[in-house]
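Structural overview
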Amino acid sequence: MEATGTDEVEKIKSKFMSAWHNMKYSWVLKTKTYFSRNSPVFLLGKCYHFKTEESGELSTDGSNFDKLNTEISGNVEEFRRDFISRIWLTYREEFPQIQGSALTTDCGWGCTLRTGQMLLAQGLMLHFLGRAWVWPEALDMDSSDSESWTSSTVRKLTASFEASLTAERDPKILPRPRRRPARRDWDVTEMRNEVYHRKIISWFGDSPLAAFGLHQLIEYGKKSGKTAGDWYGPAVVAHILRKAVEEARDPELQGVTVYVAQDCTVYSSDVIDRQCCVMDSGKGGTKAVIILVPVRLGGERTNTDYLEFVKGILSLEYCVGIIGGKPKQSYYFAGFQDDSLIYMDPHYCQSFVDVSIKDFPLESFHCPSPKKMSFKKMDPSCTIGFYCRTVQDFEKASEEITKMLNSSSKEKYPLFTFVKGHSRDYDFASSPLHEENDLFSEDEKKRLKRFSAEEFVLL
């Protein structure tokens, strides 16, 4: 009986904590974001202009985008459609319990895992859908959803409180009616794309079986000394994502691999070896590669000399974003305007969605409103991501990025480098493509421990 009582207290405590985190971060989502009418906006390699006859600024929060479309002559609607189409992964609550813990939510500690998921999701979208793809229903999202976030938080907090008083196991939250847009007739290509759209999201579902879900990422994190409830840095998450892709068994994922740069160096032959290795099916051919480069943009604070380089990286269509943030908060950076970065924020606690059911709701996986942050506030620790479909694409990208690194660096040494050959040619331990007995080699474990000690704590 005593154990049962303790379990009930823990459940009530967990519900209050979820409601608290939801209330804490939902106010941030309600703040307006201001865009200049006279400066271009870049989003993962695409450029948008919000020009009007008048000068000044315009605000874009999910509730007044429709008004903006009538006020300006630029392509705000295209930007909105493109931004909403990106996959948004946030804190979740009431998902299946994480093995080895009593946790059923990642509120307060899982933000870097979420931003890592968003970066990987963008890489998979480039692979299966292409950069030009946009969600046909993006502009059909109910703009009042963003206005209901705060009221929804209040309902959850009230429901949790009432449940604690009445000893209910599950608080009853009155759902807010949602208008589901009528699906128009889609052609074969659109239907195929929608299948992949849903499949990609399902790989990030919050269940033990999802290939890149929180449960799986935490299991891989244990190999580097991390457990559920710990804070993860951008570099550690990069290695966890690599292992998750390597271990994925879905046949659709056999054509993708991940390479993580070693000590700010991308060894070209190691990357090409990954792209040309034989697939599990025994078939030959090349794989697409997602290259992750953990870097520091300065010492205690971000060096503003790196601003132009970061802007240049986010201007490339094969860039899949940056796992970064500001001290104590992780964001997924996807674009910029002037000296401000555009990002998606994982710090909003949403309810668990069972992605195994047919036609599961998609709305909570797409963010209706972009956020901006001054580059000066960015924490120096981050991981930059790129996607290359072929070896030729990688060679072209390495040349282009190298020129950008050299031209934007005011320091003696660039932020990171591409070098020919294998890492073993430079007396570094080469990371094997597959290891039977352990997911991380001894060299990788040492590197991960160093990253864990050096990186900032993410809340």
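Residues numbered from 1 in each chain as written. Predicted model: local features only at pLDDT ≥ 70, side-chain atom pairs only at ≥ 80, totals over all residues. Heavy atoms only, no water.

**Topic: helix α4 (residues 111-128)**
Condition: Helical segments are the DSSP runs of H or I of at least four residues, strand segments are the runs of E of at least two, and each set is numbered from the N terminus. Expected helix span is taken as 1.5 Å per residue step, with the number of steps being one fewer than the number of residues. Summary of the burial criterion: residues with accessible area below 20% of their type's maximum are buried, those above 50% are exposed, and those between are partly exposed, where the area comes from a 1.4 Å probe applied to protein chains only.
Taking 1.5 Å of rise per residue, the 18 residues of α4 would be expected to cover 26 Å, and the 26 Å separating its terminal C-alpha atoms lies within 8% of that figure. Of all 18 residues making up α4, 18 are buried, and the element is well covered by its neighbours. Of the residues one or two after α4, Gly130 is the one with positive phi, at around 90 degrees.

**Let's talk about the packing of helix α7 (residues 214-221) against helix α8 (residues 234-247)**
Applied cut-off: To get an axis, fit a line to the C-alpha atoms, keeping to the stretch in contact for a helix; angles then go from 0 to 180 degrees between the N-to-C directions. Throughout, the term roughly parallel applies to angles under 35 degrees, roughly antiparallel to angles over 145, roughly perpendicular to angles from 65 to 115, and oblique to all others. Handedness of a crossing is defined here by the sense of rotation of the near helix relative to the far one, left-handed for an anticlockwise turn of less than a right angle and right-handed for a clockwise turn. We call two residues contacting when some pair of their heavy atoms lies within 4.5 Å.
Running from N to C, α7 and α8 point in directions that differ by 110 degrees, and their axes come no closer than 9 Å. In terms of axis orientation, α7 runs roughly perpendicular to α8. Here α7 and α8 pass one another in a crossing that is right-handed. Contact with α7, carried on its side by Leu217, Tyr220 and Gly221, involves Ile240, Leu241, Lys243, Ala244 and Glu247 of α8 and no other residues of that element.

**Some words on the pattern of salt bridges**
Put simply, the rule reads: We define a salt bridge as a side-chain nitrogen of Lys or Arg found within 4 Å of a carboxyl oxygen belonging to Asp or Glu.
A full pass over the atoms with the stated rule returns 14 salt bridges. Of the charged contacts, one joins Lys311 and Glu308 as a salt bridge, the two residues approaching to 3.5 Å between their closest N and O atoms. Pair noted here: Lys311 and Glu308 are both in helix α10 (residues 307-314), with a separation of 3 residues, about one helical turn. Glu308 sits in the partly exposed class, given a relative accessible area of 49%. One salt-bridge network, held together by shared partners, links Arg242, Lys243, Glu246 and Arg274.

**Remarks on the packing of aromatic side chains**
What counts here: Only Phe, Tyr and Trp rings are paired, with Trp represented by its six-membered ring, and only when their centres lie within 6.5 Å; those with planes under 30 degrees apart are stacked, over 60 edge-to-face, the remainder tilted. Either the NZ atom of lysine or the CZ atom of arginine qualifies as a charge over a ring when it sits within 6 Å of the ring centre and within 35 degrees of the ring normal.
Counted by the stated rule, this structure contains 19 aromatic pairs. Considering the side-chain rings of Tyr48 and Phe79, the 5.6 Å spacing of their centres and the 70 degrees angle between planes classify their relative orientation as edge-to-face. Note that Tyr48 is positioned in strand β3 (residues 46-48) and Phe79 in helix α3 (residues 76-85), a separation of 31 residues in sequence. Phe79 carries the same exposure label as Tyr48, and that label is buried. Consider the rings of Phe386 and Phe416, whose centres lie 6.4 Å apart with planes at 50 degrees: the pair is tilted. One end of the pair, Phe386, is in strand β14 (residues 381-388); the other, Phe416, is in the loop between α11 (391-408) and β15 (417-419), and 30 residues separate them in sequence. Assigned by exposure class, Phe386 and Phe416 land together as buried. Here the aromatic cluster, defined as three or more aromatic residues joined through ring pairs, consists of Phe309, Tyr318, Phe386, Phe394, Phe416 and Phe418. The cationic tip of Arg198 hangs over the ring face of Phe360; the distance from NZ or CZ to the ring centre is 5.0 Å. Sitting above the plane of the Phe35 ring, Lys372 keeps its charged end 4.7 Å from the centroid.

**What about unusual backbone geometry?**
Located in the positive-phi region is Glu94, a residue other than glycine, with phi close to 65 degrees. With a relative accessible area of 47%, Glu94 lands in the partly exposed category. For Asp359, which is not glycine, the phi dihedral falls at a positive 55 degrees. Relative to the helices and strands, Asp359 resides in the loop between β12 (350-351) and β13 (371-374).

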